[in-house]
Amino acid sequence: MQTHQAKRVEITIEAVMQNRLTDALQGAGVTGYTILPVLGGSGRSGDWTREGQVGRAGMVQVVCIIRPERLDSLLDAAFTVVERHIGVVCVTDCDVLRAERF
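Predicted model only: the values in this text are computed from it and were never measured.

Participant: Please clarify how the overall build of the protein chain should be interpreted in this entry.
Facilitator: Helices and strands together make up the secondary structure of the protein chain, namely two helices and six strands. Its helices and strands taken in sequence order, the protein chain reads β-α-β-β-β-β-α-β from the N to the C terminus. By principal-axis analysis of the C-alpha atoms, the protein chain measures approximately 45 × 30 × 25 Å. Relative to its 102 residues, the protein chain shows a buried fraction of 31%. Counting only contacts in the protein chain whose residues sit at least 6 apart along the sequence, the fraction spanning at least 24 positions is 80%. Summed over its atoms, the accessible surface of the protein chain is roughly 6700 Å², and 48% of this surface lies on carbon and sulfur atoms. Mean positive and mean negative side-chain charge positions of the protein chain (11 and 12 charges, respectively) differ by 4 Å.

Right, here's the structure in full:
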């Protein structure tokens, strides 16, 4: 089966910033993404958990798979939101089966 090169971008950010981030991504032409709840973790500030949080407190992860040539515009858009808030952006190479969807 033939595969096609793509980029997987994972952006972990405060849940209250989710709409701002997805608006920025859509403005950059990103047509698809998945939003996942982040239940807890550990970082520079130590361990944390979403348990007992009320409302939109906590973190989410926005996952995008895009064509390599679209990566820079996605990262520019994401950075306008992430630069002033808690967040992590990861980029990895991946292969997809149906390139026309990305």
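So much for the structure itself; the text now carries on.
Participant: Would you mind going over the sheet that holds strand β5 (residues 59-66) with me for this structure?
Facilitator: In a beta sheet, neighbouring strands are held together by backbone hydrogen bonds and run either parallel or antiparallel to one another. Taken in spatial order, the four strands line up as β2-β5-β1-β6 in an open sheet, and their pairing is antiparallel. Each edge of the open sheet carries a strand with a single partner, namely β2 (34-38) and β6 (87-96). Neighbour-to-neighbour, the strand axes of the sheet open up by a mean angle of 20 degrees, direction not taken into account. Direction of pairing for strand β1 (residues 4-14) relative to β6: antiparallel, over a ladder of 10 bridges.

Participant: Is there a simple way to think about the environment of Thr92 in this case?
Facilitator: Checked against the element boundaries, Thr92 lands in strand β6. On the accessibility criterion, Thr92 (39% relative accessible area) is partly exposed. C-alpha separation for the pair Thr92 and Val9, spaced 83 residues apart in sequence, amounts to 6.6 Å. Beyond its immediate stretch of four places on either side in the chain, Thr92 contacts Ala6, Lys7 and Arg8.

Participant: I'm lost on the nonpolar core in this one. Help?
Facilitator: Soluble globular proteins: nonpolar side chains tend toward being buried together. Counting 19 residues, the largest nonpolar core has Ile11, Ile13, Leu21, Leu25, Cys64 and Leu74 as its most contacted members. Secondary-structure elements contributing two or more residues to this core are β1, α1 (18-27), β5 and α2 (71-82). Among the elements that line this core, the one with the most residues is α2, at six residues. Those residues in contact with Leu25, other than ones at most four positions away along the chain, are Val30, Val62, Cys64, Leu74, Ala77 and Ala78.

Participant: How should the packing of α1 against α2 be read in this particular structure?
Facilitator: If you want to describe how two helices pack, look at the angle between their axes and the distance between the axes. Between α1 and α2, the least distance of the axes is 9 Å, while the angle of their chain directions is 155 degrees. In terms of orientation, α1 and α2 fall into the roughly antiparallel class. In the packing of α1 onto α2, the handedness of the crossing is right-handed. In this structure, α1 uses Arg20, Leu21, Ala24 and Leu25 to contact α2, whose residues at the interface are Leu74, Ala77, Ala78, Thr80 and Val81. Looking at the contact of α1 with α2 residue by residue, the classes come out as seven nonpolar, one polar and one charged.

Participant: Help me out: how do you make sense of α2 in this one?
Facilitator: Along an α-helix, residues three or four apart share an orientation, since each turn contains 3.6 residues. Given a rise of 1.5 Å per residue, 12 residues ought to cover 16 Å, and the 16 Å separating the end C-alpha atoms of α2 matches this to within 8%. Burial in α2 covers these residues: Leu71, Leu74, Ala77, Ala78, Val81 and Val82. Buried residues of α2, seen end-on, are gathered within an arc of 135 degrees and therefore sit on one face of the element. Structural note: α2 exposes Asp72, Asp76 and Phe79 on the side pointing more than 90 degrees away from its buried face.

Participant: Is there a simple way to think about the confidence of the model for the protein chain in this case?
Facilitator: Low pLDDT means the predicted atomic positions in that stretch should not be read closely. Per-residue confidence for the protein chain gives a mean pLDDT of 88; residues scoring 70 or more make up 90%. Of all helices and strands in the protein chain, the one with the weakest mean pLDDT is strand β4 (residues 46-49) (71), whereas β1 scores best (96).

Definitions and limits used
- Residues numbered from 1 in each chain as written.
- Predicted model: local features only at pLDDT ≥ 70, side-chain atom pairs only at ≥ 80, totals over all residues.
- Heavy atoms only, no water.
- Helix = DSSP H or I, 4+ residues; strand = E, 2+ residues; numbered from the N terminus.
- Buried < 20%, exposed > 50% of the residue type's maximum accessible area, 1.4 Å probe, protein only.
- Contact = heavy atoms within 4.5 Å.
- Areas by Shrake-Rupley, 256 points an atom, 1.4 Å probe, with all protein chains shown as cover.
- Lys, Arg positive; Asp, Glu negative; His and termini not counted.
- Charge placed at Lys NZ, Arg CZ, Asp CG, Glu CD.
- Pairing = 2+ DSSP bridges.
- Axes fitted to C-alpha atoms, helices over the stretch in contact; angles between N-to-C directions.
- Core = buried A, V, L, I, M, F, W, Y, C linked by side-chain atoms within 4.5 Å.
- Parallel < 35°, antiparallel > 145°, perpendicular 65-115°, else oblique.
- Left-handed = near helix turned anticlockwise from the far one by under 90°.
- Nonpolar A, V, L, I, M, F, W, Y, C, P; charged D, E, K, R; others polar.
- Expected span 1.5 Å × (residues − 1).
- Arc of directions from axis to C-beta.
- pLDDT = per-residue confidence, 0-100.

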